[in-house]
Amino acid sequence: MSFLSKLFGKKEENTIKERTVFSIQVGDIVTYDLEDYEVVGSLTYQDNGYKWYAYQLKSGASSVWLSAEMDDELELGIYRNVKEKLARPIPEKLTIDDVTYYREEHGRAKVLGTGRGSNLNGQEVEYHDFSNEDETNFLSIEIWGSEVEVSKGYAIEEYEIKILAGSK
């Protein structure tokens, strides 16, 4: 290739795809509540053709999960793991930290994981979703084999986050 063709030749396509809450990738940066978080893992849940997503966000010692799903409208939430000890069977109603939660749905989902979530790739999880009476607080319970994980969360709006792509 000559010098002129290198200089004036066709340039390599180097555009970065814009991210949405359904296309976030490990290595991206999500800004929420004036803090920048790196996406260190992601989980995609599938239950009978229905899909939803959870992204593990890390900033220093702080770790949160961003959930995203399209039901009748876009639903986003921020969740933090809690140390609440629960055993099976999961009841229809729970009270944690003086908040009473009512089960809205439960089922089993196949999981696809990337980054720190890659060890869960191909596994199945039993999930239970709860909300308080006025639907301002949420509880997510996931059962992975014999381990029961509990996370508390709340809804956020799409304008509250900004996604910066970390790669193409």
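The structure displayed is predicted, hence computed values, not measured ones. Note on numbering: residues in each chain are counted from 1, in written sequence order. For a predicted model such as this one, the threshold for reporting local features is a pLDDT of at least 70, and the threshold for listing and counting side-chain atom pairs is 80 or more; totals across whole chains, interfaces and linings nevertheless cover every residue. Excluding hydrogens and water, the side-chain values take into account all heavy atoms of the structure.

Participant: Could you clarify how one ought to interpret the side chain of S140 in this entry?
Facilitator: In this fold, S140 is placed in strand β9 (residues 138-144). Each residue's exposure class comes from its accessible area (1.4 Å probe, protein chains only) as a fraction of the maximum for that residue type: buried when under 20%, exposed when over 50%, partly exposed otherwise. On the basis of relative accessibility, which here comes to 16%, the residue S140 falls in the buried class. We call two residues contacting when some pair of their heavy atoms lies within 4.5 Å. Excluding its chain neighbours within four sequence positions, the residues that come into contact with S140 are Y79, H128, D129, E149, V150 and S151. A run of DSSP states H or I qualifies as a helix once it reaches four residues; a run of E qualifies as a strand once it reaches two. Both are numbered from the N-terminal end.

Participant: For this particular structure, what's the right way to read unusual backbone geometry?
Facilitator: Leave glycine aside and you will find that most residues have negative phi; peptide bonds, for their part, are mostly trans. Cis geometry is adopted by the peptide bond preceding P89, which originates at R88 and carries an omega value of -5 degrees. Relative to the helices and strands, P89 resides in the loop between β5 (74-82) and β6 (93-96). In this structure, D97 is a non-glycine residue whose phi angle is positive, near 50 degrees. As for its placement among the helices and strands, D97 is situated in the loop between β6 and β7 (99-115). Judged by relative accessible area, which is 54%, D97 ranks as exposed. Although it is not a glycine, D98 sits at a positive phi angle of roughly 65 degrees. Summarising the element assignment, D98 is placed in the loop between β6 and β7.

Participant: Whenever I open this one, the packing of aromatic side chains confuses me. Can you help?
Facilitator: For any pair of aromatic rings, the description consists of the separation of the ring centres together with the inter-plane angle of the planes. Pairing of aromatic side chains here covers Phe, Tyr and the six-membered ring of Trp, requires ring centres within 6.5 Å, and sorts the geometry by plane angle: under 30 degrees stacked, over 60 edge-to-face, intermediate tilted. Under the definition given, this model contains 5 aromatic pairs. When the ring of Y45 is compared with that of W52, the centres are 5.2 Å apart and the planes differ by 5 degrees; the resulting orientation is stacked. Side by side, Y45 and W52 carry an identical accessibility label, which is buried. You can call W52 buried: its relative accessible area is 13%. Aromatic rings pair up to connect Y45, Y50, W52 and Y127 into one cluster.

Participant: Would you take a moment to explain the nonpolar core for this structure?
Facilitator: Looking at soluble globular proteins, one finds that nonpolar side chains tend to be buried together. Buried Ala, Val, Leu, Ile, Met, Phe, Trp, Tyr and Cys residues that are joined via side-chain atoms within 4.5 Å together make up what is termed a nonpolar core. With 17 residues, the main nonpolar core has I24, V30, Y55, L57, L66, I156 and I161 as its most contacted residues. Elements with a minimum of two residues in this core: β1 (29-32), β2 (35-47), β3 (50-59), β4 (62-70), β5 and β11 (161-164). When residues no more than four places from it in sequence are discounted, the contact partners of V30 are I24, E35, D36, Y37, V39, L57, I161, K162 and I163. Counting residues in hydrophobic clusters, the runner-up holds 13 residues, among them A54, A109, V111 and W144.

Participant: In this structure, what is going on with the environment of D36? I would like to understand it.
Facilitator: Inspection of the secondary structure assignment puts D36 in strand β2. C-alpha of D36 to C-alpha of K162: the two residues are 126 residues apart in sequence and 9.2 Å apart in space. What D36 contacts, discounting residues up to four positions off in sequence, is I29, V30, T31, K58 and S59. Side-chain polar atoms of D36 contact the side chain of T31, separated by 2.6 Å. By the criterion applied in these results, polar contacts are pairs of N or O atoms within 3.5 Å in which, for protein atoms, one can donate a hydrogen and the other can accept it, and in which residues neighboring in sequence qualify only through two side-chain atoms.

Geometric values such as these leave the question of function open.
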